[in-house]
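# Survey of secondary and tertiary structure
What follows is the residue order along each chain.
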Amino acid sequence: MKNVKGKISVIMPAFNEAGHIGYSIEETVKTFNDFGCQWELIVIDDGSSDNTFEIAEQSSFKYPEQVTVKKNPYNLGKGRAIKKAVHYITGDYVVFLDADMDLHPVQVQTLFDIMRLDNADIVIGSKLHPNSVVNYPFERRIVSFVYYLFVRILFNLPCHDTQTGLKLFKIEVVRKVFPRILVRRFAYDLEVLANAHHLGYRIAEAPIVLSPKRKYGRIGTFAVISTLIDTLAVFYRMHILKYYDNIDYYRRKGLAKEFRRMRK
């Protein structure tokens, strides 16, 4: 990895990815070995009902010093899975990478280049970047653009696409932001980026090459509605309740647990 000093921690959440997880681990290992940097991979199985965990664990046996596999007892949501995985990282940078390999890890080099050139604290892959090469249904493009407008109005974030699975963070941002996160599922990306922006961290976007491995994605109507509800909840906590500005107070009051209970 050019111009990178320090260790990279890669977090790969997985849910019912038995058909992909073995290849995804092998491809990630090969890619980061080719980069020639210090790295580790933490795979977190979010309560899969198939044999995702068993396949991932078997793959990890070949790389005991670099690959760690953990499992949630039941499906807690991608946001909660990533928050758990953060406890196991030991790197100076954190990469979030989806387990389906729709976004190949070789693109991480571009994120690091942009982090250095823009002096950014966070770099996120964006389907809406003008240089991105994406291959997904027109309906999904519309949903992504409408959600971008929705988020822009509510939070005025300096980015167009909060939901793409490829992201790069400096470790200090992860340590500062992730303890604040309450969203369990799809809108956790938005909550992370909104909090990082609120705290003054610099966010930059990178172009991506998206090559879906499934004919259709797994994001349905329920996920879209749930994401919108959680997005409004983040806005309410940030701008109305001022929860994130007074987080210690609300934790003493026990309201953080109450927010989580309401979203179960």
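This report concerns the structure included in the present document.

Thresholds applied
Residues numbered from 1 in each chain as written. Predicted model: local features only at pLDDT ≥ 70, side-chain atom pairs only at ≥ 80, totals over all residues. Heavy atoms only, no water. Core = buried A, V, L, I, M, F, W, Y, C linked by side-chain atoms within 4.5 Å. Buried < 20%, exposed > 50% of the residue type's maximum accessible area, 1.4 Å probe, protein only. Helix = DSSP H or I, 4+ residues; strand = E, 2+ residues; numbered from the N terminus. Pairing = 2+ DSSP bridges. Axes fitted to C-alpha atoms, helices over the stretch in contact; angles between N-to-C directions. Phe/Tyr/Trp six-rings, centres within 6.5 Å; stacked < 30°, edge-to-face > 60°. Left-handed = near helix turned anticlockwise from the far one by under 90°. Contact = heavy atoms within 4.5 Å. Nonpolar A, V, L, I, M, F, W, Y, C, P; charged D, E, K, R; others polar. Parallel < 35°, antiparallel > 145°, perpendicular 65-115°, else oblique.

### Some remarks on the nonpolar core
If you look at the biggest cluster of nonpolar residues, it comprises 42 residues, and the most contacted ones within it are Ile11, Ile89, Ile122, Phe155, Phe169 and Val174. By residue number, the principal contributor to this core is helix α7 (residues 188-198), which donates 6 residues.

### What to know about the sheet that holds strand β2 (residues 38-45)
Read across the open sheet, the 7 strands follow the order β3-β2-β1-β4-β7-β5-β8; overall the sheet is mixed. Every other strand in the sheet has two partners, leaving β3 (67-71) and β8 (203-207) as the edge strands with one partner each. The sheet shows a mean angle of 20 degrees between the axes of neighbouring strands, taken without regard to direction. Relative to β3, β2 is paired through 5 bridges, and the arrangement is parallel. Of the residues in β3, the one forming a bridge with valine 43 is valine 69.

### As for α7
Burial within α7 is extensive, with 9 of its 11 residues counted as buried. Of the residues trailing α7, glycine 200 is marked for its positive phi of about 95 degrees.

### Thoughts on the packing of aromatic side chains
Counting across every chain of the model gives 10 aromatic pairs. Note on tyrosine 93 and phenylalanine 112: the rings are 5.2 Å apart at their centroids and 75 degrees apart in plane angle, and the pair reads as edge-to-face. In this pair, tyrosine 93 sits in strand β4 (residues 93-96) while phenylalanine 112 sits in helix α4 (residues 108-118), placing the two residues 19 residues apart along the sequence. Side by side, tyrosine 93 and phenylalanine 112 carry an identical accessibility label, which is buried. Where phenylalanine 145 meets tyrosine 148, the ring centres are 5.9 Å apart and the plane angle is 45 degrees; that geometry is what we call tilted. One end of the pair, phenylalanine 145, and the other, tyrosine 148, are both in helix α5 (residues 138-155), 3 residues apart, so they sit about a helical turn from each other. With relative accessibility at 42%, the residue phenylalanine 145 sits in the partly exposed group.

### Concerning helix α3 (residues 78-85)
The element α3 is largely enclosed, with a buried count of 6 among its 8 residues. Within α3 the residues assigned to the buried category are Gly79, Arg80, Ala81, Ile82, Lys83 and Ala85.

### Structural notes on the packing of α5 against α7
Where α5 meets α7, the closest approach of the two axes is 12 Å, and the angle between their N-to-C directions is 35 degrees. For the crossing formed where α5 meets α7, the hand is right-handed. Contact residues: Tyr147, Val151 and Phe155 in α5; Leu190, Ala194 and His197 in α7. For the contact of α5 with α7, the residue count by class is 5 nonpolar, 1 polar and no charged.

### So, the packing of helix α1 (residues 21-35) against helix α2 (residues 52-60)
The contact between α1 and α2 brings their axes to 9 Å, and the two run at 30 degrees. When the axis of α1 is compared with that of α2, the two are roughly parallel. As for the relative orientation of α1 and α2, their crossing is right-handed in sense. Contact with α1, carried on its side by Ile21, Gly22 and Ile25, involves Thr52, Ile55, Ala56 and Ser59 of α2 and no other residues of that element. For the contact of α1 with α2, a count of residues per class yields 4 nonpolar, 3 polar and no charged.

### Regarding the pairing of strand β5 (residues 122-126)
For β5, a buried count of 5 out of 5 residues is recorded, marking the element as mostly surrounded by other parts of the structure. Because side chains alternate across β5, one face comprises the buried residues Ile122, Ile124 and Ser126, and the other comprises Val123 and Gly125, equally buried. Looking at chain direction, β5 and strand β7 (residues 167-170) are connected through 3 bridges and run antiparallel. Bridging across to β7, valine 123 finds its partner in leucine 168.

### Re the side chain of threonine 164
Mapping threonine 164 onto the fold places it in the loop between α5 and β7. Filtering out sequence-adjacent residues up to four positions away, threonine 164 remains in contact with Leu103, Gly125, Ser126, Lys127, Asp189 and Ile208.

### So, the environment of isoleucine 42
Position of isoleucine 42 among the secondary structure elements: in strand β2. For the pair isoleucine 42 and methionine 12, spaced 30 residues apart in sequence, the C-alpha separation works out to 6.1 Å.

### Overview of the pairing of β8
Judged by how many residues are buried, β8 sits mostly within the fold: 4 of 5 residues are covered. Note that β5 and β8 share 5 bridges and pair parallel. When the bridges of β8 are listed, valine 123 appears paired with alanine 204.

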